Amino acid sequence: MQELTIRTCLRSLAVPALALLVACEGAIGEPVGVGDPGDRPGGPLPGDPDYCDTVDAEPGYVTVRRLNRVEYDNTVRDLLGETSRPAHADFPVDAETAEGFINDADLLTVGTLAVEKYEAAARALADAALERDGFRERFLGACDPAVFEGTEHSGARVDCARAFAREFGLRAWRRPLSNGEVDRVVDVVVLGAQDRRFDAGLELGVRSMLLSPNFLFRAEDHGEGVRDLDGFEIASRLSYSLWATMPDEELLDLAASGGLNEEDALRGQIDRMMEDPRFDAFVDEFAARWLKVSKLPEAHPDEEAFASFDEALRQAMEDETKLFVRHVIENDLPLTTLVDADFTFLNERLAAHYGVDGVEGEEMRLVRLDGLRRGGLLTQGSVLTVTSHATRTSPVLRGVYILDRLLCAPPPDPPADVDSLGEDATDDETGETLTLRERLEQHRADPECAGCHDVMDPLGFGLENYDAVGAWRETDEGEPIDSYGELPDGRSFEGAAELGLILAEDPRFTECVGEKLLTYSLGRALRAEDACTLDGILERAELRGGTLRALIEETVLDDVFRRVGTTQPEETPEESR
Amino acid sequence: MTKKARRSVRSFRLKRRALLGGAGATLALPFLEAMLPRTRRERVKAQEDPRVRLVWVYVPNGMIRTKLTPTDTGAGYTLSPMLEPIGDMRDHFNVLTGLSNKPGGGRYTYPDGTVSNDGPGDHARDTGTFLTCARLKKTDGSDIRNGISIDQVAANRLREYTPTVPSLVLATRSGSYGGDSGYAPIYKSNISWASETTPMDKETSPRAVFERLFAGFDPGESAAERERRQRLEQSVLDSVTDDVSSLRGRLGRQDQVKLDEYLEGIRQLEVRLETSEGMPICDPGAAPPEDGSYDFLEHVDLMFEVIRLAFQCDRTRVATLILEKPGSVYDFLRAGGSPIREAHHRMSHLEGGTNDVQRIEAINRWQVEQFGNLLRRLQGTEEGDGSTLLDNSLVMFGGGLDGTGHSGGAMGDLTPRTSGPVHRHTNLPILLGGRGGGAVRSGRHVLYERDEPLADLYISMAQAAGLTDLSSFALEGTGPLHSLG
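These numbers come from a predicted model, not from an experiment. (Residues numbered from 1 in each chain as written. Chains lettered and ligands numbered in written order. Predicted model: local features only at pLDDT ≥ 70, side-chain atom pairs only at ≥ 80, totals over all residues.)

Considering the overall build of chain B
Using the following cut-off: Note on conventions: DSSP H or I runs of at least 4 residues are helices, E runs of at least 2 residues are strands, and numbering of each starts at the N terminus. Counting other C-beta atoms within 10 Å of a residue's C-beta gives its exposure: the residue is buried at 20 or more, exposed at 12 or fewer, and partly exposed in between, where C-beta atoms are placed from the backbone. Note on contacts: residues are paired as contacts if their backbone-placed C-beta atoms lie within 7 Å.
Scanning chain B from N- to C-terminus turns up 13 helices and eleven strands. Split into buried and exposed, the 485 residues of chain B put 52% on the buried side. Restricting the contact set of chain B to residue pairs at least 6 apart, pairs at least 24 apart contribute 74%.

This is the structure in structure tokens:
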């Protein structure tokens, strides 16, 4: 049961109007992940029309979440004013999900090496914290100034340590401390200040609180059955989903007063958070990872074939997509704008690369397009580059990207015995060099391969006017580009603009964005039951104009985000057999 | 060694502070005989610590075998073209041909006869099972399952001798190396696994490794200061341990695993605290340069050097290194007159015909040369009893894939599409450097003709290092590999 993938469920919930995938599935057999009906006696299966009426929409339970490197760095920035990004510099790299996210609670393991790094970081951060402007004012304001003089133990020191534990603890652990927890911190502070100045004790206290699991992990109490999250738990879910950092003072205040449990106040906070500069982290951690733009630094366009590709261009490409997504959210534009926009963000360098006139200077700015050659994610240099090989484009990779990232329908595995596609072969009989299209067509003549390549390849061919770094081209190796594509259902399209329109009309695109967003927001793999939750979120977002902003808001307003249950994947060690 | 230094050496248990304190306390000695109170032979006889080090150097995507595998066997074998550049080391390594790691296959028959067919994903299984010899659970979600890797089995026992750094888990590239055909990226990105569900974090910075091995001790610290420091640090660790206990009661079953992992890390910090004295004298010399101040080739050398240093100073006995990630571009190498600009993995299926064969061979040749460089480095370090570090190490180099679309025939056989699975998990490319303190007779080409499992080789390696009672490993390891000694 737990093995059923969300994909299975969503597929059948979708309106089967545009049968992009029918041929692929039909050719390969059963969709991945469909369980044996015998596993589960009685009741409709995920995918049956009345499935969602029968399941209890249990919000599920998320494993205790370790802060990932980005969250750690952002948190110490906001907690201590530390901007040196210690986690980025020293901590082990966090594991990625297949979607590219690094906030999956189960995959965020805690190795001994990592704990060593946490200890070293806590030590260094504590050492720097006491010296930093504002630290005393923020966390030690209530203390008698005399405690900072001399090395004598005193009752005032204990009072100050107690006040500090509560003030600093509320921020560092993102919730009020219990009396027992306060006592533990006080003990450490007093010991550290023994025969020393009080600062030495505070430093030790800060160090212990930063090494504590209460700082390094986000934990939600695991009770009996389903319960509403408390204000502080909601505050952390909001802040780490939308900002990838700790809650700010306003969120903590509202958490304390119960305000975050009221829908109107919650909506107000979400709006505020989306206007905040910290919301950039959402674009970086959700959108850039989902769209693979985060992989741009790893792309290695061939130095000879693409001599113009350099760091400035790479940066402009990355900025373009991020600014573009942020703009779609900020201006409450329809989700489908992502694939059919008539604008983008360019600076002089990127505009020249695209062949767009009239953009001068390094500053990225909004540029209206005629919508023919450029418009939407599929025509952006970032996406086009990360879906190319070093020396040439790959219609296959681009097709897979569209299926996997934009339609959440990754093609099934290639049949056994075939690892990859020969894109640079010559004709076996004549020895003549084949065009890319000819080579792929040859490949598709193999009936085993055709099922999926008939779907993937034409999608990618629609983008052949863009070379491996996203520049416009009319020819490839001397031959005119043919950007004609045909879908298994017989419809044809010409070029990226028409392909973008087809995607914009496909309900699976919207569903897919919703699926990725829910996965990211919860920080866990989706379960079959989540398909019903997602259904509700999509419906409500649609009523609000189907904008990306509405989708984000409805996701974090949903019960699944504000409540917690007990359902976790079962331990099934024998499963792999 | 100066007389003064010699006098100060009273026993095997020297104060670590005296030597790890940096330039001020430098003893310009690579090794002190005090570390070896008796000869190696005597200690082995007495079943004492054999002080054998284990290294695994992993290369992805398999290797082309036509120019690697020698055509004849035994001690007087003829060097193959790819082995020629390391011919000077021929007495110090074996070529092991014919070993298999069948749990890495798409189709696998368990010892009990159960058949599992997981289809494509040979690259995830190549990396993921290389040191675990386990069957990966095929999932692209977070419900991953592998097995503990041999280096961690060894480290868990040998930590008795090197408690602060039980093992080094190194790579030249950090982060995720990408998913593969329905396998989560975590499989293709890690060879060392602490448990079924948790890979060991990779370290990529030679400087950070060096600092973890040698830094953190103040030679000027008085006994009183040290006592106070240890007491304070212990209080921090006690406090966070209490925090874990409080959390436990509030959380679910799955969470306990995470808390256990965390607590294991805290315990390791306690070990560091307790053993901040008692380490043998060794001068590690200057720290490696800052990250980013060297190129890739220098990076590889620096990784080898920190391994050598760690072994020389007996700071750890176990190390693994992922030499490169599967998708890397070797543009510093040339083939057919031009730099290699395609990604390694993409070329490894040899679909580009002769071009790809030339390019992959150039990569494989370079990889073998790196193996030679590591051996030379270890061979150049004397242990004080007349033996070298290499004599007392076992350095396994290789990968978990056969690597080409042919079964060792002529170049004309390179037709991957028609020859079945392109990458096989049998007939693996394996070189074994060192003598393991006498456990292995080196300088030979050994041919294994019955698909003997890699897991058996791992049992042999672990036994040489002191895990003498290890008689099985993973799915297929049932005893030490024959014909090594």
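Observations concerning the overall build of chain A
Each helix and strand counted, chain A has 27 helices and ten strands in total. When each of the 577 residues of chain A is scored for burial, the buried share is 52%.

Focus: the environment of Gly 433 of chain B
Residue and element names in this part refer to chain B. In this fold, Gly 433 is placed in strand β10 (residues 430–433). C-alpha separation for the pair Gly 433 and Val 55, spaced 378 residues apart in sequence, amounts to 9.3 Å. Excluding residues within four positions of it along the chain, Gly 433 makes contact with His 92, Phe 93, Phe 371, Leu 375, Leu 390, Val 395 and Phe 397.

A word on the packing of helix α9 (residues 179–192) of chain A against helix α10 (residues 198–211) of chain A
Residue and element names in this part refer to chain A. Condition: Here, axes are lines fitted to C-alpha atoms. For helices the fit covers the stretch in contact, and angles between N-to-C directions go from 0 to 180 degrees. For classification, angles of less than 35 degrees are called roughly parallel, those exceeding 145 degrees roughly antiparallel, those between 65 and 115 degrees roughly perpendicular, and all remaining angles oblique. Should the near helix be turned anticlockwise from the far one by less than a right angle, the crossing is termed left-handed; should it be turned clockwise, right-handed.
The contact between α9 and α10 brings their axes to 6 Å, and the two run at 140°. Put simply, α9 runs oblique to α10. Handedness of the crossing formed by α9 with α10: right-handed. In this structure, α9 uses Val 185, Val 188, Val 189, Val 190 and Gly 192 to contact α10, whose residues at the interface are Ala 200, Gly 201, Leu 202, Glu 203, Leu 204, Gly 205, Ser 208 and Met 209.

Observations regarding the interface of chain A and chain B
Quick note on the threshold: Think of it as three bins: nonpolar holds Ala, Val, Leu, Ile, Met, Phe, Trp, Tyr, Cys and Pro, charged holds Asp, Glu, Lys and Arg, and polar takes everything else, Gly as well.
Facing 57 residues of chain A, the contacting portion of chain B comprises 67 residues. Looking at the side of chain A that touches chain B, the elements with two or more residues in it are α6 (112–129), α9, α10 and α11 (213–216) of chain A. It is α6 of chain A that provides the largest number of residues to the side of chain A that touches chain B, a total of six residues. Looking at side-chain class alone, the side of chain A that touches chain B contains 23 nonpolar, 17 polar and 17 charged residues.

Notes on the nonpolar core
Here is the rule: A set of buried Ala, Val, Leu, Ile, Met, Phe, Trp, Tyr and Cys residues, joined through C-beta atoms within 7 Å, is what we mean by a nonpolar core. Annotation comment: domain bounds sourced from an automatic or database domain assignment.
One finds Val 57 and Ala 310 of chain B to be the most contacted residues of the largest nonpolar core, which totals 266 residues. Of the domains in this structure, domain 1 (65–218) and domain 2 (287–504) of chain A are the two that each give at least three residues to this core. Sequence-distant contacts of Val 57 of chain B, that is, excluding residues within four places in its chain, are made with Leu 321, Leu 323, Phe 371, Leu 374, Val 395 and Phe 397 of chain B.

Some details on the pairing of strand β2 (residues 93–97) of chain B
On any regular strand, side chains alternate: one points to one face of the sheet, the next to the other face. Among the five residues of β2 of chain B, five are classified as buried, and the element is accordingly described as predominantly covered. Across the two faces of β2 of chain B the burial is the same, with Phe 93, Val 95 and Thr 97 of chain B and Asn 94 and Leu 96 of chain B all buried.

What to know about the packing of helix α8 (residues 155–172) of chain A against α10 of chain A
All names here are of chain A. Interhelical geometry of α8 versus α10 gives an angle of 30° and a closest axis separation of 11 Å. Here α8 lies roughly parallel to α10, going by the angle between them. α10 is crossed by α8, and the crossing has right-handed handedness. Contacts between α8 and α10 involve Arg 157, Ala 161, Phe 164, Phe 168, Gly 169 and Ala 172 from the former and Phe 198, Gly 201, Leu 202, Gly 205, Met 209 and Leu 210 from the latter. When the residues that make up the contact of α8 with α10 are grouped by side-chain class, the tally is eight nonpolar, three polar and one charged.

What to know about helix α4 (residues 122–129) of chain B
All names here are of chain B. The buried fraction of α4 is high, at eight of eight residues. Listed in full, the buried residues belonging to α4 are Asp 122, His 123, Ala 124, Arg 125, Asp 126, Thr 127, Gly 128 and Thr 129. Those residues of α4 hidden inside the fold are in contact with α6 (185–188) and α11 (344–347).

As for helix α25 (residues 530–543) of chain A
All names here are of chain A. Keep this limit in mind: Here, expected helix span is obtained from the residue count minus one, scaled by 1.5 Å.
Taking 1.5 Å per residue, 14 residues should reach 20 Å; α25 reaches 20 Å between its end C-alpha atoms and fits that length. What α25 keeps buried is the set Asp 530, Ala 531, Cys 532, Thr 533, Leu 534, Ile 537, Leu 538 and Ala 541. Of the residues trailing α25, Gly 545 is marked for its positive phi of about 100°.

Observations concerning the pairing of strand β1 (residues 53–58) of chain B
All names here are of chain B. Our working rule: Strand pairing follows a simple DSSP-based rule, namely that at least 2 bridges must link the two strands.
Most of β1 sits out of view: six of its six residues are buried. Judged by which residues are buried, β1 turns out to be covered on both faces: Arg 53, Val 55 and Val 57 on one side and Leu 54, Trp 56 and Tyr 58 on the other are all buried. By the bridge criterion, five bridges tie β1 to strand β6 (residues 318–322) in an arrangement that is parallel. By the bridge assignment, Leu 54 is partnered in β6 with Val 318.

Overview of the domain arrangement of chain A
According to the domain assignment, chain A consists of domain 1 (65–218) and domain 2 (287–504). Summarising the inter-unit geometry, the C-alpha centres of domain 1 of chain A and domain 2 of chain A are found 45 Å apart.

What about the sheet that holds β1 of chain B?
Residue and element names in this part refer to chain B. Spatially, seven strands are ordered β5-β6-β1-β9-β10-β2-β11 in an open sheet, and the strand pairing comes out mixed. The sheet is open, and its two borders are formed by β5 (168–171) and β11 (445–447), each paired with just one other strand. On average, adjacent strands in this sheet sit at an angle of 15° to one another, irrespective of strand direction.

Quick word on the confidence of the model for chain B
Residue and element names in this part refer to chain B. Quick note on the threshold: Per residue, pLDDT captures the predictor's confidence, and it can take any value from 0 to 100.
Looking at chain B, pLDDT values average 85 and 84% of them are 70 or higher. Below a pLDDT of 50 lies the segment residues 1–41, which in the model reaches 62 contacts outside its immediate sequence neighbourhood of four places, other chains included. Low confidence marks residues 405–421, where pLDDT is under 50. Its contacts with residues over four positions away, or in another chain, come to 23 contacts. In the model output, the complex is listed with pTM 0.88 alongside ipTM 0.87.

Quick word on the environment of Ala 468 of chain A
Structurally, Ala 468 of chain A can be placed in the loop between α22 (447–461) and β6 (475–476). With sequence-adjacent residues up to four places away left out, Ala 468 of chain A is seen in contact with Pro 301, Phe 306, Thr 385, Ser 388, His 389, Thr 391, Arg 392 and Thr 393 of chain A.

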